[in-house]
Amino acid sequence: MANQLLIKNGRVIDPANDLDRKCDVLIVDGAVAEVGDFNGAVEKSVERVIDAAGKLVTPGLIDIHVHFREPGDEEEETIASGSAAAVAAGFTSVVCMPNTNPAIESETDVEYVHRKGRQTRKTHVYCMGAVTKKREGVELAEMGLMAEAGARGFTDDGHGVQDPAVMLRALKYAKMFDVVVAQHCQDDSFAGSGVMNAGYCSTILGLPGIDALAEEAMLWRDIQLVKKTQVQYHAQHISTTGSVELIRQAKKGSLPVTCEVTPHHLLLTEQCCADYDTNYKVNPPLRGQKDVDALKEAIAEGLVDALASDHAPHLQSEKELEFLTAPFGIASLECALGLYIKALIEPKVLDWLGLVRLMTASPARIIGIDKGTLSRGKQGDVTIIDPDAEWKIDVNEFLSKSRNCPYHGWTVKGKVEMTIVGGEVRYEI
Ligand code: DOR
Ligand code: ZN
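It should be emphasised that the depicted structure is a prediction, and the values quoted were computed from it without experimental measurement.

### A word on the coordination of the zinc ion (ligand 2)
Next up, step 1: Taken together, His65 (NE2), His67 (NE2), Asp157 (OD) and Asp310 (OD) make up the protein donors of the zinc ion (ligand 2), found 2.1 to 2.6 Å from the metal.
Next up, step 2: One way to put it: the four donor atoms around the zinc ion (ligand 2) meet at angles of 71 to 152°, and that makes the site irregular.
Next up, step 3: Spacing between the donor residues of the zinc ion (ligand 2) along the chain follows H-x1-H-x89-D-x152-D. Of this pair, histidine 65 sits in strand S6 (residues 61-66) while aspartate 310 is found in the loop between strand S14 (306-307) and helix H11 (316-319), placing the two residues 245 residues apart along the sequence. Here histidine 65 matches aspartate 310 in class, with each residue buried.

### Quick word on the site of ligand 1
Next up, step 1: As a structural note, the neighbourhood of ligand 1 is formed by 14 residues, with Arg69, Asn99, His184, Asn283 and His314 the closest of them.
Next up, step 2: Note that an oxygen atom of ligand 1 is positioned 3.0 Å from one of the side-chain N or O atoms of histidine 184.
Next up, step 3: Between ligand 1 and asparagine 283, the relevant distance is 2.6 Å, taken from a nitrogen atom to a main-chain nitrogen or oxygen of the residue.
Next up, step 4: Relative to its unbound accessible surface of 290 Å², ligand 1 loses 93% to contact with the protein.
Next up, step 5: Split by residue class, the shell around ligand 1 holds three nonpolar, eight polar and three charged.

### A few points about the sheet that holds strand S13 (residues 257-261)
Next up, step 1: Spatially, S9-S12-S13-S14 is the arrangement adopted by the four strands of the open sheet, whose pairing is parallel. Bordering the open sheet on either side are strand S9 (181-183) and S14, each of which pairs with just one other strand.
Next up, step 2: Of the pairings in the sheet, the one linking S9 to strand S12 (residues 233-235) comprises three bridges and is parallel in character. Note that in S12 the partner of alanine 182 across the bridge is histidine 234.
Next up, step 3: Running at roughly 150° to S9, helix H4 (residues 164-175) makes contact with S9 and S12 of the sheet.
Next up, step 4: The strands touched by helix H8 (residues 241-252) are S12 and S13; relative to S13, the strand with the most contacts, the crossing angle is about 150°.

### Observations concerning the environment of phenylalanine 177
Next up, step 1: Among the structural elements, phenylalanine 177 can be located in the loop between H4 and S9.
Next up, step 2: Look at phenylalanine 177 and you get partly exposed, because its relative accessible area is 26%.
Next up, step 3: Taking the C-alpha atoms as reference points, phenylalanine 177 and glutamate 148, 29 residues apart in sequence, are found 8.1 Å from one another.
Next up, step 4: In this structure, phenylalanine 177 is in contact with Met143, Gly144 and Ala147, ignoring residues within four places of it in sequence.

### Considering helix H12 (residues 336-345)
Next up, step 1: Along H12, nine of the ten residues are buried, which leaves the element largely enclosed by surrounding structure.
Next up, step 2: Those residues of H12 that fall on the buried side of the exposure criterion are Ala336, Leu337, Gly338, Leu339, Tyr340, Ile341, Ala343, Leu344 and Ile345.

### A closer look at the pattern of salt bridges
Next up, step 1: Applying the stated rule across the entire model yields 18 salt bridges.
Next up, step 2: Among the salt bridges present, the one from glutamate 428 reaches arginine 48, with a minimum N-O distance of 2.8 Å. Taken as a pair, glutamate 428 in strand S17 (residues 424-428) and arginine 48 in strand S4 (residues 48-51) lie far apart in primary sequence, 380 residues in all.
Next up, step 3: Taking relative accessible area as the criterion, glutamate 428 reaches 41% and is therefore assigned partly exposed.
Next up, step 4: A residue is classified by how much of its surface remains accessible, and arginine 48, at 31% relative accessible area, is partly exposed.
Next up, step 5: Note that glutamate 424 is salt-bridged to arginine 121, the shortest N-O span being 2.6 Å. Of this pair, glutamate 424 sits in strand S17 while arginine 121 sits in the loop between helix H2 (107-120) and strand S8 (124-127), and the two are 303 residues apart along the sequence.
Next up, step 6: Taking the relative accessible area as the measure of exposure, arginine 121 reaches 47% and is therefore partly exposed.
Next up, step 7: Several salt bridges converge on common partners, so that one network encompasses Arg121, Glu424 and Arg426.

### Concerning the environment of proline 387
Next up, step 1: One can find proline 387 in strand S15 (residues 382-392).
Next up, step 2: Distance in space between the C-alpha atoms of proline 387 and tyrosine 427 is 17 Å, their sequence separation being 40 residues.
Next up, step 3: Not counting residues up to four positions away in its chain, the partners in contact with proline 387 are Gly54, Lys55, Leu56, Trp352, Lys413 and Gly414.

### A few points about the nonpolar core
Side chains of a nonpolar character, in soluble globular proteins, are inclined to be buried together.
Next up, step 1: Of all hydrophobic cores here, the largest spans 79 residues; its most connected members are Phe91, Tyr233, Ile299, Leu307, Leu344 and Leu355.
Next up, step 2: Here this core gets seven residues from one element, more than from any other, and that element is H12.
Next up, step 3: Beyond its immediate chain neighbours, meaning those up to four positions away, leucine 355 contacts Leu307, Leu337, Tyr340, Ile341, Leu344, Ile345 and Leu350.
Next up, step 4: Counting residues in each nonpolar core, the second largest holds 21 residues, with Tyr280, Phe323, Ile393 and Cys405 among its members.

Conventions we followed
- Residues numbered from 1 in each chain as written.
- Chains lettered and ligands numbered in written order.
- Predicted model: local features only at pLDDT ≥ 70, side-chain atom pairs only at ≥ 80, totals over all residues.
- Heavy atoms only, no water.
- Donors = N, O, S within 2.8 Å, 3.2 Å for Na, K, Ca; no water.
- Tetrahedral: all angles 85-135°; square planar, octahedral: opposite > 155°, others 65-115°.
- Helix = DSSP H or I, 4+ residues; strand = E, 2+ residues; numbered from the N terminus.
- Buried < 20%, exposed > 50% of the residue type's maximum accessible area, 1.4 Å probe, protein only.
- Near = heavy atom within 4 Å.
- Polar contact = N/O pair within 3.5 Å; in protein donor to acceptor, adjacent residues only side chain to side chain.
- Areas by Shrake-Rupley, 256 points an atom, 1.4 Å probe, with all protein chains shown as cover.
- Nonpolar A, V, L, I, M, F, W, Y, C, P; charged D, E, K, R; others polar.
- Pairing = 2+ DSSP bridges.
- Contact = heavy atoms within 4.5 Å.
- Axes fitted to C-alpha atoms, helices over the stretch in contact; angles between N-to-C directions.
- Salt bridge = Lys/Arg side-chain N within 4 Å of Asp/Glu carboxyl O.
- Core = buried A, V, L, I, M, F, W, Y, C linked by side-chain atoms within 4.5 Å.

Okay, structure coming up:
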């Protein structure tokens, strides 16, 4: 008998099909067989019936920006620990960034990440490859071979590609493989040795700042390159009002430009750095309230294409260094959904259909994977969420190896009850 799983009575939210209503989802042999009202008709013949009454049933959530630190920094995170954290957080697909040690820059590196992901049997693990060798911004990496091996895009994330001629070459090259080029927009000459947003706060704290222009100058430059090449381009973790305006204009001009926003740029501001707590040190830095408001407006307006955690685990011992020297990054994968609910659903920036779209179908489109929907025949990746369950974020309960999370002790709503990957229950509460 076929392997069958019935999820009944849930509120099924499938933005790709404009669906938001109470019904059932039948998964057969790892794929979505049908979404509809079965009225108990198939219940007797299926292997497992999951009663999702009062719960949300969504396509498996997708996070296109995580750092799983493998190879090289396995004490911070591994593909196994990150994947376990991912499914506990409702993510059925993640995209690992290539700023590992060494960087993911060859066909073998991409295959390594994929193989580790498959062996772990938790979430689907994808990766992006580096744009340039060693992420040094000089010579292009083996983009073609990496694309063939399944890399879902290219980025030197953690660092922007500084040289415009190199970036232009990368875009032209990527065109041949139909894979997105993503950018950590930050012009080093503006950013200097900054460790937080440049402004009143950084002056008072006596810390070197990263001006908003560092992000905006590179994003502006890249948009000019996209105008010339018409290659799919993705601005990672945008954080400023000026970036929102640049994206708005680019989209008005129908350029193939997409962008993502992180939970921290929606919930935290530069003022959080006032106690020199390095858990708030992140790159791009936390900005001002006006920037937070602009990002939320951009999301409400439909200018943002994905919500991405930028889960960046770091060792406690490194985060305990002084603000100037501690590494940038926030580990947030395991509380990401609750944070998005707090930032976007509770203040009514988005409704559930809108939120789920930015966590499923829309990011899937950016990285070109045939996922993010419950259409018939698609892989059976499903997340079941209790939208009203309140819980307290406790870093000590994280499956991630790292604890550098400024949300420790926060109360959020929205608990992942079950995560199904390819028709298999890979996490349940
Ligand atoms: O805060 C950050 N941490 N920003 C990045 O771009 C890189 C990341 C990391 O790898 O830790
Ligand atoms: Zn990143």
